[in-house]
Amino acid sequence: TPTPVTPTIEPTATPEASPSATPAPEASFKVKVLENPLGFVLVRAEPTTESEELAQVAAGTILPYTEEVSEWYKVEYEPGKYGWASGLYLAKIN
């Protein structure tokens, strides 16, 4: 007599609902880098001149910001990257 064949059931991946990328809301607070002798503003890791330099942003650039602390602004200097810039070199444009 033939041996009964038991089908092997392989699990199939159940598609999960992938979270759709929700764009961050447009920042309603913006600053513009003022003209200055250096031609840029330094973006730092913390709101202090002793903090690590993360980037240089050219004069005339408009940046969204999320916080203001003691004349420093937490700016988004690249998509998804944030640092602090001195308010001495920035003007609010809201």
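Counting from 1, residues in each chain are numbered in the order their sequence is written. Per-residue local features of the predicted model are confined to residues with pLDDT of at least 70, and side-chain atom pairs are confined, for both listing and counting, to 80 or more; whole-chain, interface and lining totals are unaffected and use all residues. To obtain the side-chain values, all non-hydrogen atoms of the structure were included, while hydrogens and water were left out.

Colleague: Please explain the overall build of the protein chain as it appears in this structure.
Modeller: Within the protein chain one finds zero helices and seven strands. The helix and strand labels rest on DSSP assignments: H or I over at least four residues marks a helix, E over at least two residues marks a strand, and numbering proceeds from the N terminus. Listing the helices and strands of the protein chain from first to last along the sequence gives β-β-β-β-β-β-β. For the protein chain, with 94 residues in total, the buried portion stands at 26%. Carbon and sulfur atoms make up 56% of the accessible area of the protein chain, which totals about 7,200 Å². Burial classification: accessible surface area is computed with a 1.4 Å probe over protein chains only, and a residue below 20% of its type maximum counts as buried, one above 50% as exposed, and the rest as partly exposed. Every accessible area reported is derived by Shrake-Rupley at a probe size of 1.4 Å, with residue values counting cover from the shown protein chains alone.

Colleague: Sorry, what's going on with the pattern of salt bridges here?
Modeller: Pairs may arise between side chains of opposite charge once their charged atoms sit close together. When a carboxyl oxygen of Asp or Glu is within 4 Å of a side-chain nitrogen of Lys or Arg, the pair counts as a salt bridge. Inspection of every chain in the model, using the stated rule, returns four salt bridges. Between E68 and K92 there is a salt bridge whose closest N-O contact spans 3.1 Å. Separated by 24 residues along the polypeptide, E68 in strand β4 (residues 62–69) and K92 in strand β7 (residues 90–92) bring together distant segments of the chain. Ionic pairing is found between K81 and E78, a salt bridge with its closest N-O pair at 3.4 Å.

Colleague: Looking at this structure, how should I read the nonpolar core?
Modeller: When a protein is soluble and globular, its nonpolar side chains tend to lie buried together. Side-chain atoms within 4.5 Å link the members of a nonpolar core, which is a set of buried Ala, Val, Leu, Ile, Met, Phe, Trp, Tyr and Cys residues. Core analysis: the largest hydrophobic core is formed by 14 residues, its most contacted members being V31, V33, V57, V75 and L90. In terms of residue count, the dominant contributor to this core is strand β5 (residues 72–78) (three residues). Any two residues whose heavy atoms approach within 4.5 Å are treated as being in contact. Ignoring any residue separated from it by four or fewer positions in sequence, one finds V33 in contact with F40, V41, V57, A58, A59, G60, T61, L63, Y89 and L90.

Colleague: I tried to follow the pairing of strand β1 (residues 30–33) on my own but got confused; where do I start?
Modeller: Successive side chains on a regular strand alternate, one facing one side of the sheet and the next facing the other. Burial along β1 is one-sided: the face carrying V31 and V33 is buried and the face carrying K30 and K32 is not. Here β1 runs beside β4; their pairing, made up of three bridges, is antiparallel. Within the sheet, the bridge partner assigned to K32 lies in β4 and is I62. Only when DSSP finds a minimum of two bridges between them are two strands counted as paired. With three bridges joining them, β1 and β7 adopt antiparallel strand pairing. Among the inter-strand pairings, V33 is bridged to a residue of β7, identified as L90.

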